[in-house]
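What the coordinates show
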Amino acid sequence: MGCLEGDCHFNNGNLMARRRVEQAQKILDSIDIGGERVKMYNLSSSEGPRFAQYAAEFTEKINALGPNPIKLAKNKAAVDPATRDMAETN
Amino acid sequence: MIVADKKPIEEIIEYLKDHTNILVLGCNECVTVCEAGGKKEVAVLASTLRMHAQKEGKEIKIDEVTLERQCDKEYLDEIRDVIDQYDAVVSLACGVGVQFTAEQYHSTQVYPGVNTCFMGATEERGLWTERCQGCGQCILATTGSICPVSRCAKRLFNGPCGGSTDGRCEINAEVDCAWQLIVDRLKALDKLDEYEKLCPLKDWSTDRAGGPRKVVREDVQQ
């Protein structure tokens, strides 16, 4: 969450944050984790209801996307003895 | 400075597919300034590689070190005690650093983590442009401090070619004609008579035409 663009106490802090979020999205896309798992929203400090709306919206989106692939791989390794043994050997 | 650009992560992942102990090695000099291979980029690349490995269910160890320079033995010596822990190094230094690291540590595979591009300047953050090709025989004194070797597509030495239009180069309308820049600068310096002087044939043996080059300075040798 950042301030509205053009209305940031730190002048361009939210614009820099936006670029960093975009960069994080590209990195997550490049390793097939999914850039859509990160998103930046802008709103002012007086917009409580909108904050709640964004939080609910993104929670719904993340739930729809399912667990992140890293977690899935770790869970799989934990239950798959062959994979777990291989990991322990390494 | 030497300007480099990030390599696609897919390319680096492909290099590293058979390695399990990896050192991501940054450089505090030029590649830090052009935001391609400094401490910050080392951390981002190492995190990305870790996430990728975890997603693939692969157990790997990835460490991060950023040296002051990778083109000096004294700084490369700082990893001498730990280098044997790794079966691969991804160097985020320029091509010089990658090669010099590999020369010091023969038994460790060293991969390039950036594409080394040119010697240039920072016009603004995120925009670097070429200024020098290291031709070994600088003529900037006669060209208003603008280099026709690096900035003219044809490396012309005595004025522009016929493709110069409205101060732009024929290879790309966004590229300034180096000779237009030179004439404008000489005018501003009130030295336009310099433009009339023919530049003699250049000895290209000091450029790449003479093969790999070296500078020997006996006055500073020990």
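Treat the numbers as computed from the prediction; the structure is a model and nothing was measured. (Residues numbered from 1 in each chain as written. Chains lettered and ligands numbered in written order. Predicted model: local features only at pLDDT ≥ 70, side-chain atom pairs only at ≥ 80, totals over all residues. Heavy atoms only, no water.)

1. Quick notes on the overall build of chain B
Under the convention used in this document: Note on conventions: DSSP H or I runs of at least 4 residues are helices, E runs of at least 2 residues are strands, and numbering of each starts at the N terminus. Each radius of gyration is computed over the set of C-alpha atoms, and the globule rule expresses the reference value as 2.2 Å times the number of residues to the power 0.38. Exposure classes here rest on a 1.4 Å probe applied to the protein chains alone. A residue is buried below 20% of its type maximum, exposed above 50%, and partly exposed in between. Here, two residues are considered to be in contact whenever any of their heavy atoms come within 4.5 Å of each other. Accessibility throughout is a Shrake-Rupley quantity obtained with a 1.4 Å probe, and a residue counts as covered only by protein chains that appear here. By the counting scheme adopted, Arg and Lys are positive, Glu and Asp are negative, and His together with the chain ends is not counted. A charged residue contributes its charge at one atom only: NZ of Lys, CZ of Arg, CG of Asp or CD of Glu.
Check the secondary structure of chain B and you find eight helices and nine strands. Relative to the compact-globule value of 17 Å for 222 residues, chain B shows a C-alpha radius of gyration of 22 Å, a clear excess of over 25%. Summarising its shape, the C-alpha atoms of chain B cover approximately 65 × 45 × 25 Å along the three principal directions. Counting the 222 residues in chain B, one finds 36% classified as buried. Taking the contacts inside chain B whose residues are at least 6 apart along the sequence as the reference set, 59% of them involve residues at least 24 apart. Counting every atom, chain B has about 12,900 Å² of accessible surface; 49% of that belongs to carbon and sulfur. Placing the 27 positive and 37 negative side-chain charges of chain B at their respective mean positions leaves the two points 2 Å apart.

2. Structural notes on the packing of aromatic side chains
Here is the rule we go by: Two aromatic rings from Phe, Tyr or Trp, using only the six-membered ring of Trp, form a pair when their centres are within 6.5 Å; if the ring planes differ by under 30 degrees the pair is stacked, by over 60 it is edge-to-face, and anything between is tilted. Counted as over-ring charges are cases with an Arg CZ or a Lys NZ within 6 Å of the ring centre that also lie within 35 degrees of the ring normal.
Enumeration according to the criterion identifies five aromatic pairs over all chains in this entry. Arranged with centres 4.3 Å apart and planes meeting at 25°, the rings of A:Tyr41 and A:Tyr54 form a pair that is stacked. With A:Tyr41 in the loop between helix H1 (13-30) and helix H2 (48-65) and A:Tyr54 in helix H2, the pair connects residues that are 13 residues apart, well separated along the chain. An identical accessibility class is assigned to A:Tyr41 and A:Tyr54; each is buried. Between B:Phe157 and B:Trp204 the ring centres are 5.8 Å apart and the planes differ by 85°, which places this aromatic pair in the edge-to-face class. Of this pair, B:Phe157 sits in the loop between helix H6 (148-151) and strand S8 (168-169) while B:Trp204 is found in the segment after helix H8 (193-196), placing the two residues 47 residues apart along the sequence. By way of ring pairs, the aromatic residues A:Tyr41, A:Tyr54 and A:Phe58 are connected into one cluster. Across the ring face of B:Trp204, the terminal group of B:Lys202 is positioned such that the distance to the ring centre comes to 5.1 Å.

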